[in-house]
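Results of the structural survey
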Amino acid sequence: MYKESEVEISHSEILLDNISEDNLSLEAKMFVQIEKAKTYLQDNKLKEASEIFKKIEGNVNNNLNVETQIWYQITLGKIAIENKELIKSQHCFEKALQLIEKSSAKNLYTKTYALSGLASVYFLKKNHDKASLLLNESLKNSEALNNVFLKEMIVRQQIVNYLALNDTINYKLANKEFSIVNNEADLLEQDATSVAYRDWE
């Protein structure tokens, strides 16, 4: 789902598993659990991510920090889409976007993830034109953020969507762009992995 090294995922799991939640506030506990679920999803552990969200769903309320609520909705949307629950997934991503728009500090990073997730829903619903619009907006955001991994994820989605649209011209352009971005992502990942190994030696 995301471009991230196994070493980085492993270190995230170790860090999160060793956080004692006894003295954490509800807000902090929610944040930790959402991060754990996101890490499980990155590692293709859907069952574990789903179990975490079943445990914390009763703690979701409007008193939580908006950023926590947004990531809860985005992550729940990703879990739902993996379970082929498209209606639920669409509701989650749309809810996340609503929260982002209402927030005083509009976060382009979270908005891009929410738009990308919503595009996946429309793709699975075979509404490829709508998916294309959402992905184009997501791509512009990723470029504004200068986030290579996010851009790689979105261009990958565009390739599949253009193929479904039988849009040969844009399909070829997206493939060419993906080769460039994928190479950049690989180089960044290699650097991150080297740093991680040095830090843990």
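Residues numbered from 1 in each chain as written. Predicted model: local features only at pLDDT ≥ 70, side-chain atom pairs only at ≥ 80, totals over all residues. Heavy atoms only, no water.

Some points on the overall build of the protein chain
Convention followed: Put simply, DSSP marks the helices as runs of H or I at least four residues long and the strands as runs of E at least two long, and each gets a number from the N terminus on. The contact rule is simple, with two residues in contact once any of their heavy atoms fall within 4.5 Å. Accessibility throughout is a Shrake-Rupley quantity obtained with a 1.4 Å probe, and a residue counts as covered only by protein chains that appear here.
Counting its secondary structure elements, the protein chain contains nine helices and zero strands. Long-range contacts, defined here as pairs at least 24 residues apart, represent 60% of the contacts in the protein chain between residues at least 6 apart. As displayed, the protein chain has an accessible area near 11400 Å², and 50% of this comes from carbon and sulfur atoms.

Quick word on the packing of helix H2 (residues 26–42) against helix H4 (residues 66–82)
Condition: The axes used here are C-alpha line fits, helices contributing only the stretch in contact, and every angle between their N-to-C directions lies in the interval 0 to 180 degrees. Here roughly perpendicular refers to angles of 65 to 115 degrees, roughly parallel to angles under 35, roughly antiparallel to angles over 145, and oblique to all remaining angles. It is the rotation of the near helix from the far one that decides the hand of a crossing: anticlockwise by less than a right angle makes it left-handed, clockwise makes it right-handed.
Across the interface, H2 lies against H4 with an axial gap of 10 Å and an inter-helix angle of 30°. The orientation of H2 with respect to H4, classified from their angle, is roughly parallel. Between H2 and H4 lies a crossing of left-handed hand. Of the residues in H4, those touching H2 at Glu 27, Met 30, Ile 34, Ala 37, Lys 38 and Leu 41 are Thr 68, Trp 71, Tyr 72, Thr 75, Lys 78 and Ile 79.

Observations concerning the packing of helix H3 (residues 46–56) against H4
Here is the rule: Three residue categories are used. Nonpolar comprises Ala, Val, Leu, Ile, Met, Phe, Trp, Tyr, Cys and Pro, charged comprises Asp, Glu, Lys and Arg, and polar comprises the others, including Gly.
One can describe the packing of H3 onto H4 by two numbers: an axis separation of 10 Å at closest approach and a directional angle of 130°. In this view, H3 runs oblique relative to H4, as classed from their interaxial angle. When you trace H3 past H4, the crossing you get is left-handed. Each of Leu 46, Ala 49, Ser 50, Phe 53 and Ile 56 in H3 lies in contact with H4, whose residues at this interface are Tyr 72, Thr 75, Leu 76, Ile 79 and Glu 82. Its residues assigned to classes, the contact of H3 with H4 shows seven nonpolar, two polar and one charged.

Topic: the packing of aromatic side chains
Stated precisely, the cut-off is as follows: Any two of the Phe, Tyr and Trp rings considered here, Trp counted by its six-membered ring, make a pair once their centres fall within 6.5 Å; the pair's planes then place it as stacked at under 30 degrees, edge-to-face at over 60, or tilted in between. Buried residues are those whose accessible area, probed at 1.4 Å on protein chains only, stays under 20% of the maximum for their type, while exposed residues exceed 50% and partly exposed ones sit between those limits. Criterion for a charge above a ring: Lys NZ or Arg CZ within 6 Å of the ring centre, and within 35 degrees of the ring normal.
In total, this model carries four aromatic pairs according to the counting rule given. Judged by centre distance (6.1 Å) and plane angle (55°), the ring pair of Trp 71 and Tyr 109 falls under tilted. Residue Trp 71 is located in helix H4, and its partner Tyr 109 is located in helix H6 (residues 108–124); the two are separated by 38 residues in the primary sequence. A ring pair is formed by Tyr 109 and Tyr 113, whose centres lie 5.2 Å apart and whose planes are at 75°; its orientation type is edge-to-face. With Tyr 109 and Tyr 113 both in helix H6 and four residues apart, this pair spans about one turn of that helix. For Tyr 109, a relative accessible area of 32% puts it in the partly exposed group. For Tyr 113, a relative accessible area of 9% gives the class buried. Put simply, the rings of Trp 71, Tyr 109 and Tyr 113 touch in pairs and so form one group of aromatic residues. Across the ring face of Trp 71, the terminal group of Lys 38 is positioned such that the distance to the ring centre comes to 3.8 Å.

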